Amino acid sequence: MLPRAPKPSRLRHGPSEPALADERLNTDLLRRFYARHGFAPVWTSRPAEAEALVNIVLRAGEHGLDPELFQAEQLQRRATLPPPDRDVLLSAAFLSYAEALAQGAVPADQRRDGEALSPEPVDVVAALDAAMDSVDPAAAITALAPATPAYRELRQALQLYRAGELARGAAAAGRLRRIEVNLERQRWLPRQLPADRVWVNVADQQLELYLADRPVFSTRIVVGQDALRNQSPEFRTAIEAGFLNPPWVIPRDIVTAEILPRLLRDPDYLERNNMLLRPNGEVEQAPGPEAGLGQIMFDMPNRFDVYLHDTPDRSVFERDNRRISHGCIRVQNPLELAALLMRRPIDSLHREIATGSTTRANLPTPVAVFVTYQTVFLDSDGTLQFRPDFYNRDLGIWRQLRARPQGSPPRLQAEMRPTSSAPVPL
């Protein structure tokens, strides 16, 4: 016999964690929802709306979501439940599905620290209320998902893989799961992307600049090493300015791990590289042609202290594996990017740099920058691209997208982290 869920009326002072079978329900959402309805049953008088919403929850797989995240099995036999249990079951399923589409199925507090992208907050209680009073409740809830071309294209790719039109077997199953993971990453993004934005895809080791929603510039980048402490995080901020001829302040952890041991072998290392040891344990390298940040560093405040910048070592951009930084992102053509962001001729930047002075060149308007980790995406030609999951993030997210997480055999792990980055035409 199933454990009883609280009646709507009991949610007013009910248990903190009501359960249906072995599923924990979001008490806060349920309580807020029923508070708007006087803690009375909601769906008894709205059978058509309830049926429409049940149907889209059962089709959650179209968005790469496991329907069992939303009590699909119980929804299919809801007629066997007592009316109060059935009402709470319906509300819980609709609210959790709306929240998954609006915010992502993996809550922000259950992600890695470096997975810090999130969309605008949505009151899913108000959204469900509005949906059930609308002409098309299912469409109103579905509209909480991203409407961006990237999300739409990944959903189409998911359908093709499930239909077996592109490939069959274990490799296709692994790629299908990776598409599901990247649909989830799309749900972590704003529903309306800024028309002007810098888009960094760490997994692709590439940067693109969009102006008026059109890609106008692309360049290679260097990203963080595979070690967890050096991985480039996923986050959003804004580029406010560029520091020309920037000094390089090396954090204490890098100084301790790398600079101090080198000094034991080479006592003249600091002097030869125009560096000074600060009293606080940091090392500062004076600006110059061989300085670690090169000729420009973009000012983009963020809690990770990760920045876009130049580098004096141009040869690194010829490598396929460009995962060699401590997390910051080196840009192959940073002055071209700066000229576009600052809306000024590149020659004027060269003249300012030639003075040798450190100056701060403001952007006319701050420009959003997104640092993402998209291992599956469609390129500008409409070709589905897969990139190796070198930070090993995909499998962890996929497990969280399952209703009952379970370990994956080594074979599945290999499928989720293919070494090939071959494109797949759509």
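Everything numeric here is computed off the predicted structure, so don't read it as measured data.

Caption draft 1: Highlighting the packing of helix 2 (residues 47-58) against helix 4 (residues 83-103). One can describe the packing of helix 2 onto helix 4 by two numbers: an axis separation of 10 Å at closest approach and a directional angle of 50°. Considered as vectors, helix 2 and helix 4 are oriented oblique to each other. Like other packed secondary-structure pairs, helix 2 and helix 4 cross with a definite hand, here left-handed. Each of Ala-50, Leu-53, Val-54, Ile-56 and Val-57 in helix 2 lies in contact with helix 4, whose residues at this interface are Leu-90, Ala-93, Phe-94 and Tyr-97. Residue classes in the contact of helix 2 with helix 4 are distributed as nine nonpolar, no polar and no charged.

Caption draft 2: Quick peek at the confidence of the model for the protein. Mean pLDDT over the protein works out to 90, with 88% of the residues at or above the 70 mark. Scored below 50 in pLDDT, residues 406-426 shows 54 contacts in the model against residues more than four places distant or in partner chains.

Caption draft 3: Looking closely at the nonpolar core. Grouped together as the largest cluster of nonpolar side chains are 66 residues, with contacts concentrated most on Phe-33, Trp-43, Phe-94, Tyr-97, Ile-141, Ile-179 and Leu-384. Broken down by element, the residue count for this core peaks at twelve residues, all from helix 4. With residues near it in sequence (within four places) discarded, Tyr-97 still touches Ile-56, Val-57, Ala-60, His-63, Leu-65, Phe-70 and Ile-141. Core analysis: the second largest hydrophobic core is formed by 39 residues, Ile-221, Phe-304, Tyr-373 and Phe-390 among them.

Caption draft 4: Geometry of the sheet that holds strand 8 (residues 275-277). Taken in spatial order, the three strands make up an open sheet running 7-9-8, and their pairing is antiparallel. The strands lining the two open edges of the sheet, one partner per strand, are strand 7 (248-250) and strand 8. Shown here is a sheet whose adjacent strand axes are inclined to one another by a mean of 20°, direction ignored. As defined by bridge partners, strand 7 adjoins strand 9 (residues 283-285) across three bridges and the pair is classed as antiparallel. Paired with Ile-250 across the two strands is Val-283, which belongs to strand 9. Packed onto the sheet, helix 9 (residues 252-265) meets strand 7, strand 8 and strand 9 and runs at close to 75° relative to strand 7.

Caption draft 5: Spotlight on the packing of aromatic side chains. Within this structure, the stated rule accounts for ten aromatic pairs. Ring geometry for Phe-33 against Tyr-34: centres 5.3 Å apart, planes inclined by 75°, an arrangement best described as edge-to-face. The exposure class assigned to Phe-33 is buried, which follows from its relative accessible area of 0%. Under the relative-accessibility criterion, Tyr-34 is labelled buried at 0%. Measuring from centroid to centroid gives 5.3 Å for Tyr-373 and Tyr-391, while their planes differ by 5°, and the two rings are stacked. Here Tyr-391 lies in the loop between strand 16 (383-386) and helix 13 (394-400) and Tyr-373 lies in the loop between strand 14 (359-372) and strand 15 (376-378), a separation of 18 residues in the sequence. For Tyr-391, a relative accessible area of 2% puts it in the buried group.

Each value, and the rule that gives it
- Residues numbered from 1 in each chain as written.
- Predicted model: local features only at pLDDT ≥ 70, side-chain atom pairs only at ≥ 80, totals over all residues.
- Heavy atoms only, no water.
- Axes fitted to C-alpha atoms, helices over the stretch in contact; angles between N-to-C directions.
- Helix = DSSP H or I, 4+ residues; strand = E, 2+ residues; numbered from the N terminus.
- Parallel < 35°, antiparallel > 145°, perpendicular 65-115°, else oblique.
- Left-handed = near helix turned anticlockwise from the far one by under 90°.
- Contact = heavy atoms within 4.5 Å.
- Nonpolar A, V, L, I, M, F, W, Y, C, P; charged D, E, K, R; others polar.
- pLDDT = per-residue confidence, 0-100.
- Core = buried A, V, L, I, M, F, W, Y, C linked by side-chain atoms within 4.5 Å.
- Buried < 20%, exposed > 50% of the residue type's maximum accessible area, 1.4 Å probe, protein only.
- Pairing = 2+ DSSP bridges.
- Phe/Tyr/Trp six-rings, centres within 6.5 Å; stacked < 30°, edge-to-face > 60°.

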